[in-house]
Amino acid sequence: MAIEIYTKQTCMYCQKAKAWFKEHNIPYEEIDVSSVADFGKMKERLPEAKTVPQILIDGHLIGGYDNLMEYEQPILEKLRKMYPEAQA
Ligand SMILES: N[C@@H](CCC(=O)N[C@@H](CS)C(=O)NCC(=O)O)C(=O)O
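In what follows, the accompanying structure is described. Just so we're clear, the structure is a prediction, and the values are computed from it rather than from any experiment.

1. Focus on the site of the ligand
Thought 1: The full set of residues close to the ligand is Lys8, Cys11, Met12, Tyr13, Thr51, Val52, Pro53, Gly64, Tyr65 and Asp66.
Thought 2: Secondary structure elements with two or more residues in the shell around the ligand: α1 (12-23) and α3 (65-70).
Thought 3: Each residue belonging to the shell around the ligand can be placed in one class, and the counts come to six nonpolar, two polar and two charged.

Shown next as structure tokens:
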């Protein structure tokens, strides 16, 4: 899937990131890395990542929730092209 979100179950910023994608009707794949082992697998793929969420679009790392908010408009424009059903 085009959008991947690494999350932990107790993470407030993960909830906010997922809510943003739901609000805009954009599907995503959630990868739960609550366990130490799974967090380690995320670090193998994204060595610089220290926190969750980590959001990727087409394999390109956007970053965390604050990065999503910083680039919200250009990201939404790109996603509208990928998902015509995406809400403004
Ligand atoms: N600026 C980051 C903050 C993310 C953040 O602080 N995430 C917390 C959980 S909500 C975290 O990963 N803490 C370290 C950990 O759980 O290992 C963002 O907007 O995504």
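So much for the structure itself; the text now carries on.
2. Considering the sheet that holds strand β3 (residues 54-57)
Thought 1: Across the sheet, which stays open at both edges, the four strands sit in the order β2-β1-β3-β4 with mixed pairing between neighbours. A strand with exactly one partner marks an edge of an open sheet, and here the two such strands are β2 (29-32) and β4 (60-63). Neighbouring strand axes in the sheet, compared pairwise and without regard to direction, differ in orientation by 25° on average.
Thought 2: The sheet contact formed by strand β1 (residues 3-7) and β3 spans four bridges and is antiparallel. Note that in β3 the partner of Ile5 across the bridge is Ile55.
Thought 3: Along the sheet, α1 contacts β1, β2 and β3; its crossing angle with β1, the most-contacted strand, is approximately 160°.

3. Things to note about the environment of Pro53
Thought 1: Along the chain, Pro53 falls in the loop between α2 (36-45) and β3.
Thought 2: Its 26 C-beta neighbours within 10 Å are what place Pro53 among the buried residues.
Thought 3: Expressed as a C-alpha distance, the spacing of Pro53 and Lys81, which sit 28 residues apart in the sequence, is 24 Å.
Thought 4: In contact with Pro53, other than residues within four places in its own chain, are Ile5, Tyr6, Thr7, Cys11, Tyr13, Cys14, Ala17, Gly64 and Tyr65.

4. Concerning the pairing of β2
Thought 1: One ladder, built from four bridges, connects β1 with β2; its direction is parallel. For Thr7, the partnering residue across the bridge sits in β2 and is Asp32.
Thought 2: At this point the chain moves from β1, through α1, to the parallel β2, and the crossover so formed is right-handed.

5. A short note on the nonpolar core
Thought 1: Grouped together as the largest cluster of nonpolar side chains are 10 residues: Ile5, Tyr6, Cys11, Cys14, Ala17, Val33, Val52, Ile55, Tyr65 and Leu68.
Thought 2: Elements supplying a minimum of two residues to this core: β1, α1 and α3.
Thought 3: Excluding anything up to four places from it in sequence, Tyr6 contacts Ile31, Val33, Met42, Val52, Pro53 and Gln54.

6. A short note on the pairing of β4
Within a regular strand, the side chains alternate between the two sheet faces.
Thought 1: Across three bridges, the pairing between β3 and β4 is antiparallel. Its bridge partner lying in β4, Ile57 is registered against His60.
Thought 2: Between β3 and β4, which follow one another and run antiparallel, lie two residues, and Asp58 among them has a positive phi close to 50°.

Rules used throughout
- Residues numbered from 1 in each chain as written.
- Predicted model: local features only at pLDDT ≥ 70, side-chain atom pairs only at ≥ 80, totals over all residues.
- Near = placed C-beta within 6 Å.
- Helix = DSSP H or I, 4+ residues; strand = E, 2+ residues; numbered from the N terminus.
- Nonpolar A, V, L, I, M, F, W, Y, C, P; charged D, E, K, R; others polar.
- Pairing = 2+ DSSP bridges.
- Axes fitted to C-alpha atoms, helices over the stretch in contact; angles between N-to-C directions.
- Contact = placed C-beta atoms within 7 Å.
- Buried ≥ 20, exposed ≤ 12 C-beta atoms within 10 Å, placed from the backbone.
- Right-handed = clockwise from strand over helix to strand, strands pointing away.
- Core = buried A, V, L, I, M, F, W, Y, C linked by C-beta atoms within 7 Å.

Taken by themselves, the reported measurements are silent on function.
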